[in-house]
Amino acid sequence: MSGDSDCTRTSPSAGSPSDSELFPDRPRYVCSLSPDLVTKAREELQEKPEWRLRDVQALRDMVCKDYPSLGTCLDDAFLLRFLRARKFDYDRALQLLVNYHTCRRTWPEVFSNLKPSAIKPVLESGFVTVLPHRDPEGRHVVCIRPDRWTPSNYPITENIRAIYLTLEKLIQSEETQVNGIVILADYKGVSLSKASHFGPFVAKKVIGILQDGFPIRIKAVNIINEPRIFKGIFAIIKPFLKEKIANRFFLHGCDLNSLHQNIPPVILPEEYGGTAGKLDISAWNELLLASEEDLLHDFSQLVVPCDSSPHDLLVSGDAEEKQCDDSLRGMKPQLYYCY
C-alpha cells in the first residue's frame, strides 16, 4: 500500500542483483504519461514516480511468494496496470491479479480462442465500439448497443468476448489506466426474449470481471433508451454490484439533455444528439483487428502451469452456479412483471 511507512515497502538490498540483471530479456518500463497525468496519478492513485518501480517489484515478489504457479506475466508495465487499478494497495492489486487469471480459467466459453478475428461478426454488427474522441476527463467512451445482437446468430458469450477484447486493447494505454473509461449503453429495442439470455449466472460472471477481475477503472455507466424491461435486468445486476459502482449508474431514459450532462454533445454521434457526425464503427473495428498479433503475444505470456487448475485459485464454481440457478428461478417473474 502506498504510504510513508517503510514496513510495506522493502527495497532490494545493496548487494543483491537488480531485477534487470536477473531477467535481462524483460522489457524495461518507460513512462508515457504526460506531466499532467503524472500529477493526476499521484493525487488520485497514490502513484509516486520515485517509488513506481519499487512498488512493481513489491507486487512481483508477492506473486512469486504467494502464487508461484499463477502463470502470469511479470513485466513492469503489466503489473503496473493492477497497481493503478487498486491505487497502489499491494494486497488489493495482488487479489485483482489473481481474480484476473481466475476469470480467464473458469469461463472457457469466453476465453478459449480469444482473439479479434474470432469475434468479427460481433464487431461488424456494431454491438460494441469505442467513440473516436475522449471526454473532457480524458476517458474513452465504450458504446454498447444490445439491439444490434441477434441471438439466433451467436450466443451471448460472443458479445462478452468482444467487450473483453475491447477492454484489453484500451488498457494498453497508460492514459486509460489513469483516467479510466465511461460506458454508454443504448437499450433501445431490447425485448424480453433478448433480456432472458442475460440471467443471474452470466450477470454475476460479467460483473465479477468488470469490478473485481479486470484492471480498468469504470468511472460511469450511462444507460439510455432503457425500456421497462430494464428494471428486471437491473434487478438481476444490482445484487452483484458494489455500492461505489452502483452509484455510477445513470439512467437517462430518452432524455438526451440528461445524457449530455454526463457526456458532452461535442464527442457524441448524431444518434445521441451529438455533433461528432454519424456513429462510425469501422475505425475501432479496424484498430482492434489490426491489434490481434499484439494481443495474442500478451495472452501468450499468461501461461497456465501444467500442474495447476482453477481450483488452486478459487473454490469450485459448482456451488456458485447452483446459487445463480436458484436466483434465476426467483428473478424470472421480475422480468415478466416489468415487461
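Reading guide: rules and limits
Residues numbered from 1 in each chain as written. Predicted model: local features only at pLDDT ≥ 70, side-chain atom pairs only at ≥ 80, totals over all residues. Heavy atoms only, no water. Buried < 20%, exposed > 50% of the residue type's maximum accessible area, 1.4 Å probe, protein only. Helix = DSSP H or I, 4+ residues; strand = E, 2+ residues; numbered from the N terminus. Arc of directions from axis to C-beta. Contact = heavy atoms within 4.5 Å. Pairing = 2+ DSSP bridges. Axes fitted to C-alpha atoms, helices over the stretch in contact; angles between N-to-C directions. 1 Å grid on protein atoms, 1.4 Å probe; cavity = no way out; pocket = protein on both sides within 12 Å on 5 of 7 lines; lining within 4 Å. Points joined across faces, edges and corners; volume = space filled by probe spheres on them. pLDDT = per-residue confidence, 0-100.

J.: Give a detailed account of helix H15 (residues 282-290), specifying residues and quantitative values.
T.: All buried positions along H15 are accounted for by Trp 284, Asn 285 and Leu 288. End-on, the buried residues of H15 take up no more than an arc of 100°, which puts them together on one face. The exposed residues of H15 that point more than 90 degrees off its buried face are Glu 286 and Ala 290. Buried-residue contacts for H15 involve helix H7 (120-125), strand E1 (128-130), helix H8 (156-170) and helix H16 (292-300).

J.: Give me the lowdown on the sheet that holds strand E4 (residues 218-224), citing residues and values where you can.
T.: The strand order across the open sheet formed by 5 strands is E1-E2-E3-E4-E5, and the pairing between neighbours is mixed. Among the strands making up the open sheet, the edge pair consists of E1 and strand E5 (249-251). Each adjacent strand pair in this sheet contributes to an overall mean axis angle of 20°, direction not counted. Sheet analysis places strand E3 (residues 181-186) next to E4, joined by 6 bridges and oriented parallel. Counterpart to Val 182 in the pairing with E4 is Ala 220. Packing against the sheet, H8 makes contact with E1, strand E2 (140-144) and E3, and its axis sits at approximately 15° to E1.

J.: Explain empty space enclosed by the protein to me, using residue names and the numbers behind them.
T.: Applying the stated criterion across every chain yields a total of 1 cavity of 30 Å³ or more. Its volume calculated, the largest cavity comes out at about 700 Å³. Lining the largest cavity are 33 residues, with Ile 144, Ile 163, Tyr 187, Phe 198 and Val 206 sitting closest to its centre. The set of elements that each furnish at least two residues to the lining of the largest cavity consists of E2, H8, E3, helix H10 (192-195), helix H11 (200-212), E4 and helix H12 (229-237). The leading source of residues in the lining of the largest cavity is H8, at 6 residues.

J.: An account of the confidence of the model for the protein chain is needed here, citing residue identities and associated values.
T.: In this model, the protein chain carries an average pLDDT of 86, and 82% of its residues clear a pLDDT of 70 or more. The model gives residues 1-18 a pLDDT under 50, and that stretch makes 21 contacts with residues more than four places away or in other chains. Scored below 50 in pLDDT, residues 315-339 makes 30 contacts in the model with residues more than four places away or belonging to other chains.

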